[in-house]
Amino acid sequence: MATIHIDGKSYEVDGADNLLQACLSLGLDVPYFCWHPALGSVGACRQCAVKQYSDENDQRGRLVMSCMTPAADKTYISVEDAEAKAFRASVIEWLMTNHPHDCPVCAEGGHCHLQDMTVMSGHSLRRYRFNKRTHNNQNLGSFIRHEMNRCIACYRCVRYYRDYAGGSDFGVFGAHDNVYFGRAQEGTLESEFSGNLTEVCPTGVFTDRTHGQHYTRKWDMQFAPSVCQGCAVGCNISPGERYGEIRRIENRYNGSVNHYFLCDRGRFGYGFVNREDRPRQPSRRHPDQRQTLSLDAALDLAAGLVRNRARVAGLGSARASLESNFSLRTLVGAERFHQSLDAATLALHERALHSLRLEQVQLPSLREMEDCDAVFVLGEDLTQTAPRVALALRQSVKNEALKQAAARKVPAWNAEPIKNIAQHALSPLHLTMVQATRLDDVAASQYRATPQAQARLGFAVAHAIDAQAPAVSGLSAADAALAARIAADLLAAARPLVISGVSSGCSELIDASTQVIAALLRQQRKPALAQVLPEVNSVGLALLGGRAIEDLEAACLAGEIDTLVVVENDLFRCLPAARVESMLAKVAELVVIDHQMTATAARADVLLSAASFTEGDGTVVSMEGRAQRYFQVYDASYYQPQDCLRESWRWLHAIDRISQGRTAAWTHLDQVTAEIAAAEPALAAIVEAAPDARYRIAGLKVAREPRRYSGRTAMRAHLSVHEPRQPVDQDTALTFSMEGYVGPQEAGALIPFAWSPGWNSPQAWNKFQDETGSLRHGDPGVRLLHADHAADYLPVPAAAAAGWRTVALHHIFGSDELSLRAEVIAGRAPQPYVALPATAAYAEGETIELVIDGEQHVLPVRHSATLAADCVGLPAGLVRVVPGMRLDLGKGR
C-alpha cells in the first residue's frame, strides 16, 4: 500500500497502480480516453493530466499524465488545479476539432464516453470554424457498423483487437493527424470477439449493427442482470429491452468471469428471443392447425394428461434453469426424469464432473486462467466451444512478458514497454486437436491427431512428470519428445493449468487430463483443472441427475409411457428423426414446454409457451461450478396482454398441483430455490447466488430502468392512452420501472446496467469496482463444487486401429442451438459439409453419401490442410455426429 495526497487529502491506495487507477478506485473523476483497465496505459491521448508536486511545500508543480505515473508513496497531486483543468479542456478541444456535430443521430449518444469526458472537462464552445477531416467508412460485416469520422485516435480499438484479442485483419493506417482504423480491405471482421469494439471504443466509430436495426437510446431501455446462454462459461450480460423486444446485449462486469469482454455469439446471438414464430400462447394440436388455449384450459388439459404418474416421463434440458429441471423431476419422479444425452455422453459428462472434485485441485475462474503460466489443452477447440476461455488463454501467454518486465521493475500497467521487453517471448501453451485452431498463433506446440492419440499423448505427459504413472508403449520418438517438453513446462510453472472437455466425445481425453493432474500433485505442484461442457446449465443438470435418453426411448417403445413431457428441448436434435418418430408413435400424448417452435414443439399435442431467459428468472451453473442467477428483463404481457409466457417451472408446478388436487404452491422463485437446496445437498448453496426478493437498498428495490426512461404511455398508446400501473415483480428485488435504486451497490448480482452520475458509457463500471479486478463487494455467483476424492492413476488406453473415424468440428457460429436461430448468426454459420484431409481421394466439392446413426446425409467435401489423418470431420449442430464412428469411404485413404 502507498499513501498519496490528492488536493490536500491523504489516501491509502495500491502502490502497484498508476495514479489514474488510484484516483478512479477512490471514486474521483479524472477524464481519460486511451487507458483501459484491461489494456493498460500508453499515454496517447493526454487527457488524464494532473498536477504533480515534489512534496507538500512545492507550490509550482508540473503536469503529468496520471495513467503513466506510479501511485508511489508520498506522491502529491492535484486534480482540481487550474492549469491541469485548462490543459484537459484544451485536449478535449483538440480532439473535437474534426469530430462531427452528430450526437443527436449518433448511435452512441447517451452511451458515449466522449460525451461524458467532454462534460467532465468543461468543454462547451467550439472555436474551430474550418473544414473537418473526413474519411470513407468500411463495411465490416453484419455485426459492426463503422463511422470513421467520429474517431479521436485513442488507439484503443487496435490495441484491443490486435494485442488483446489476437486479431490480424484490423489495424491503423496513415500517420500524424491523418490515421485510419479499419481493415486493409473492406470486409467482415474475422475475430470472434470483434463485438467488443463497440464498448472499447470511447466514441461512435464502432457500433452494434444489430442494435441499429431497432435502435433505442440506452436511457430508454429496460435492463436486468443476466447470464449468457451461448455456452457453459457463464459470462454476465445486460440485455436491453424496449417495446417487448430485446434490442442489444451489453457486457456486465464480473471480475471472476468475463470482466470487460464477451464473444460475438454471446453478444449478437440474442435474436431467438425476438423470433415471430415463437409460441406465445398455449395451444393444442388439431389435424390442420394449432388451436390457442386459455391459461386455465391449458393447465387443466395438461394436468389431466399426467394424473397417472406411473405412465408419465419427462425430458429435461441443459438450456433450462435448475428450477425448471427440478420441477420436471418433481412432476414425473426421479426414475422417469431423463436428460437429452445418450448413455455414452451422459457418462462422459459425469466423468468430467467427477474430475472437478479432485482433492487439492484448483477450479479456476477465467481471471485465474489468465494468471496461469503454463497451459495444456487436451482435445478442445476452445475458440469454438468456450470462446471466452480462449480469450483468457491469450492473456495467459503474456505472463512471461510480465515476469520479464517485473524483473526490470516495469509496472504491469505500462503496456508498451512490456511488449518491447518481451518481444516474442510467451508463456507455454500446448494444444492438441484434430485440426488447426485459432489459438495456434500463440501456442508453443500443436499436436494434431485423432482424439485417442491425443489422449495417449496426455498419458505420456503424465508419465514424463512422474515416472510412477503408467508408461505409454508404442509412442514415436517425436511424440515422446513432445510429451517430455510439455511435462517440463508444466513442472516449471508456478500455476499450471490443464483443460479438457466433452466436445470430442472421447472419454480417454477426460482421463488423460485427470492423469496429468494426478502426476503434478504427486510432484507437489498446485495445478488447476477446467473441463468444458457444452451448454449454459450442463453442470447444473449433471448435479441434478437424470437417466440417459436411450432409457426414455426404450420405455416409450415398450409402451410404458402414455404422456411424455419435454421441457425446453428438441428430440430431433437428440436422436435421429426415424427413432423419434418411432418413439412418438408409441406415446399417446406429447406435452412440450418451450420458448422456441422446434420440430418437437410443432409435434406437441399440448404446447405450453415458456418464457425465455429474458422473460423469466432462473439459476444456472457454469463450467467452473459457479451458480448464477439470471433475472427477468421485462413483462411480455405489459405490451401484448394476450401473451401467456411463463417460466417452465411455473407451468410444471401448476400442472403438478392441479393434477394432484393440492393447494400448496410455489408462488415465488425463492420458494423453488429453497426447495432445491433442501432436496439436493450438492445444490444447497444456490440460495446464495443472489439476494432474495426481500432485499432493499434504503427501502428501495433496484430499478431496471435508467432515470431518464421515457415514453411509458406512448409505448402502449395502441392499447390505451392511459398509463397503466407498472408490472410488479414479486420474485426478485428488482422493479419494472425507474422508480427504485440506481447506481453502485453491494449486491453485484443485482446490478442491471452500468451507470453513475456523469458516467453513462460502459466505463461507468469503474464506479462499481475496486480496480483490482472485482466488484467492490464481490463478484456474482457462488461456487458449488467441492473436493471429495483423491487422484489415482488410470490405465493407459490402447491405441486405436487405423481407419476413417468421425470427429466433431465445432463452430462458434452454427453449433449452438439457440444462437443459430438468430438471423445474424445463421448468416455466419457454414452449410453442412464433410471435412477430409487434403490427401484424401476426394475432390473439393465432391459429394459423399454417409449413413450416420441410421440417417442418410449427402454432403460436399471440404478439404482441410490441417485435419489429422484418419479423421472425417462433421460440423456439430449442423449434421448429426457420432464421435469415433468407423466409416468406409470407398475410395481408400
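Shown above is the structure to which this text applies.
Residues numbered from 1 in each chain as written. Predicted model: local features only at pLDDT ≥ 70, side-chain atom pairs only at ≥ 80, totals over all residues. Heavy atoms only, no water.

Student: Go over the overall build of the protein chain, please, and point to the residues and values.
Tutor: If you tally the helices and strands in the protein chain, you get 27 helices and 35 strands. In terms of overall size, the protein chain behaves like a compact globule, its C-alpha atoms giving a radius of gyration of 28 Å where 893 residues would be expected to give roughly 29 Å. Projected onto the principal axes, the alpha-carbon positions of the protein chain cover approximately 90 × 80 × 50 Å. Out of the 893 residues in the protein chain, the part that is buried amounts to 61%. A fraction of 73% describes how many contacts in the protein chain between residues 6 or more apart in sequence connect residues 24 or more apart. (Helix = DSSP H or I, 4+ residues; strand = E, 2+ residues; numbered from the N terminus. Rg over C-alpha atoms; globule rule 2.2 N^0.38 Å. Buried < 20%, exposed > 50% of the residue type's maximum accessible area, 1.4 Å probe, protein only. Contact = heavy atoms within 4.5 Å.)

Student: Got a sec to walk through the packing of helix H8 (residues 295-305) against helix H24 (residues 648-660)? Specific residues and values, please.
Tutor: Helix-helix packing is characterised by the crossing angle of the two axes and by the distance between the axes. Remark: H8 packs on H24, axes separated minimally by 9 Å, with the N-to-C direction vectors making an angle of 65°. Relative to H24, H8 is oriented so that their crossing is right-handed. Only Trp651, Ala654, Ile655, Ile658 and Ser659 of H24 make contact with H8, whose side of the interface consists of Leu295, Leu299, Asp300, Ala302 and Ala303. Residues of the contact of H8 with H24, tallied by class, amount to eight nonpolar, one polar and one charged. (Axes fitted to C-alpha atoms, helices over the stretch in contact; angles between N-to-C directions. Left-handed = near helix turned anticlockwise from the far one by under 90°. Nonpolar A, V, L, I, M, F, W, Y, C, P; charged D, E, K, R; others polar.)

Student: Hey, could you go over the sheet that holds strand S21 (residues 496-501) for me, with residue numbers and the actual values?
Tutor: With respect to topology, five strands assemble into an open sheet ordered S20-S19-S18-S21-S22, the strand pairing being parallel. Every other strand in the sheet has two partners, leaving strand S20 (445-448) and strand S22 (528-532) as the edge strands with one partner each. Each strand axis lies, on average, 10° off the axis of its neighbour in the sheet, ignoring direction. With five bridges joining them, S21 and S22 adopt parallel strand pairing. In the strand pairing of S22, Ser500 is matched with Gln531. Helix H16 (residues 451-465) rests against strand S18 (374-378), strand S19 (429-433) and S20 of the sheet, and its axis sits at about 145° to S18. (Pairing = 2+ DSSP bridges.)

Student: Go over the packing of aromatic side chains with me, naming the residues and quoting the values.
Tutor: Applying the stated rule across the entire model yields 21 aromatic pairs. On the numbers, 4.8 Å between centres and 55° between planes, the contact of Tyr164 with Phe261 is tilted. Residue Tyr164 is found in helix H4 (residues 156-164), and its partner Phe261 is found in the loop between strand S13 (245-251) and helix H7 (264-268); the two are separated by 97 residues along the sequence. Of the two residues, Tyr164 and Phe261, neither departs from the other in class, the shared state being buried. Between Tyr253 and Trp765, the ring centres sit 6.2 Å apart and the planes meet at 35°, which makes this aromatic pair tilted. Taken as a pair, Tyr253 in the loop between S13 and H7 and Trp765 in the loop between strand S29 (734-735) and strand S30 (782-783) lie far apart in primary sequence, 512 residues in all. The pair Tyr253 / Trp765 is uniform in exposure class, with both members buried. (Phe/Tyr/Trp six-rings, centres within 6.5 Å; stacked < 30°, edge-to-face > 60°.)

Student: Help me get a handle on the side chain of Asn254, residues and values and all.
Tutor: On the secondary structure map, Asn254 appears in the loop between S13 and H7. A relative accessible area of 0% places Asn254 in the buried class. Here the side chain of Asn254 touches Asn236 through a polar contact of 3.0 Å, side chain to side chain. At 3.5 Å, the side chain of Asn254 and the side chain of Gln628 are in polar contact. (Polar contact = N/O pair within 3.5 Å; in protein donor to acceptor, adjacent residues only side chain to side chain.)

Student: An account of the nonpolar core is requested, with residue identities and associated values reported.
Tutor: The biggest cluster of nonpolar side chains holds 124 residues, and the ones touching the most others in it are Val389, Leu393 and Ile499. Per element, the largest residue contribution to this core is nine residues, and it comes from helix H18 (residues 507-522). Setting aside its immediate chain neighbours within four residues, Ile499 contacts Val375, Phe376, Val377, Leu378, Leu382, Val389, Leu393, Ala530 and Val532. Core analysis: the next-biggest nonpolar cluster, separate from the first, contains 74 residues, Cys45, Phe143, Leu197 and Phe813 among them. (Core = buried A, V, L, I, M, F, W, Y, C linked by side-chain atoms within 4.5 Å.)

Student: Give me unusual backbone geometry: which residues, what numbers.
Tutor: You will see that His176, though not glycine, has its phi angle at about 60°, which is positive. Turning to its location among the elements, His176 is positioned in the loop between strand S7 (171-175) and strand S8 (178-182). Even without glycine at this site, Lys409 takes up a positive phi of about 60°. Secondary-structure assignment places Lys409 in the loop between helix H14 (399-407) and helix H15 (415-422).

Student: Residues and numbers for the pairing of strand S26 (residues 618-621), please.
Tutor: Strand residues, when the strand is regular, have side chains that alternate between the two faces of the sheet. Residues Gly618 and Val620 line one face of S26 and the alternating positions Thr619 and Val621 line the opposite face, and both faces are buried. Where S26 and strand S27 (residues 626-630) come together, four bridges link them in antiparallel fashion. Its bridge partner lying in S27, Gly618 is registered against Tyr630. Adjacent in sequence and paired antiparallel, S26 and S27 are bridged by four residues, among which Gly625 carries a positive phi angle near 85°.

Student: Which residues make up H14, and what values go with them?
Tutor: Those residues of H14 that fall on the buried side of the exposure criterion are Asn399, Ala401 and Ala405. Along the long axis of H14, the arc covered by the buried residues comes to 155°, so they all point the same way. Residues Lys403 and Ala407 are exposed on H14 and point more than 90 degrees away from its buried face. Note on H14: the residue one or two positions beyond its end, Lys409, has a positive phi of about 60°. (Arc of directions from axis to C-beta.)

Student: Requested: an account of H8, with residues and values cited.
Tutor: Among the residues of H8, those classed as buried are Ala298, Leu299, Ala302, Ala303 and Leu305. Viewed end-on, H8 has its buried residues packed into an arc of 155°, placing them on one side of the element. Against strand S16 (312-315), strand S23 (563-567), strand S24 (589-594), strand S25 (606-609) and H24 lie the buried residues of H8.

Student: Describe the sheet that holds S23, listing the residues and the values that go with them.
Tutor: With mixed pairing, seven strands are arranged side by side in an open sheet as S15-S14-S25-S24-S23-S16-S17. At either margin of the open sheet sits one strand with a lone partner, and together these are strand S15 (290-292) and strand S17 (337-338). Here S23 runs beside S24; their pairing, made up of five bridges, is parallel. The residue of S24 that forms the bridge with Val565 is Val591.

Student: If you had to explain the environment of Tyr76 to someone new, which residues and values would you point to?
Tutor: With respect to the helices, strands and loops of the structure, Tyr76 is situated in strand S5 (residues 75-78). Taking C-alpha positions, Tyr76 is 9.3 Å from Gly61, a pair spaced 15 residues apart along the chain. A distance of 3.2 Å separates polar atoms of two side chains, one belonging to Tyr76 and the other to Glu56.

Student: Break down the side chain of Ser622 for me, citing the residues and quoting the values.
Tutor: Among the secondary structure elements, Ser622 is positioned in the loop between S26 and S27. Excluding its chain neighbours within four sequence positions, the residues that come into contact with Ser622 are Ala232, Val233, Gly234 and Val539.

Student: Which residues make up the pairing of S16, and what values do they have?
Tutor: Alternating residues of S16 divide into Val312 and Gly314 and Ala313 and Leu315, and every residue in both groups is buried. Examined bridge by bridge, S16 and S23 share four bridges and lie parallel to one another. Among the inter-strand pairings, Leu315 is bridged to a residue of S23, identified as Val566. Bridge count for S16 against S17 is two bridges, and the pairing is parallel. Paired with Leu315 across the strands is His338, a residue of S17. For the crossover that starts at S16, traverses helix H9 (residues 322-332) and ends in the parallel S17, the hand is right-handed. (Right-handed = clockwise from strand over helix to strand, strands pointing away.)

Student: I'd like a description of the state of the cysteines, backed by residues and values.
Tutor: Counted under the stated rule, the structure contains zero disulfides. Not part of a disulfide, Cys112 finds its nearest cysteine sulfur in Cys106, a span of 6.2 Å. No disulfide involves Cys556; its sulfur sits 12 Å from the nearest other cysteine sulfur, which is in Cys574. Taking relative accessible area as the criterion, Cys556 reaches 0% and is therefore assigned buried. (Disulfide = S-S within 2.5 Å.)

Student: Outline the pattern of salt bridges, listing residues and values.
Tutor: Under the defined criterion, the tally for this structure stands at 43 salt bridges. The salt bridge involving Asp220 is made with Arg242; its shortest N-O contact spans 4.0 Å. Taken together, the positions of Asp220 in the loop between helix H6 (209-212) and strand S10 (222-223) and Arg242 in strand S12 (residues 236-242) put the pair 22 residues apart, joining distant regions of the chain. The pair Asp220 / Arg242 is uniform in exposure class, with both members buried. Here the residues in one salt-bridge network are Arg319, Arg573, Asp594 and Glu817, joined through shared partners. (Salt bridge = Lys/Arg side-chain N within 4 Å of Asp/Glu carboxyl O.)

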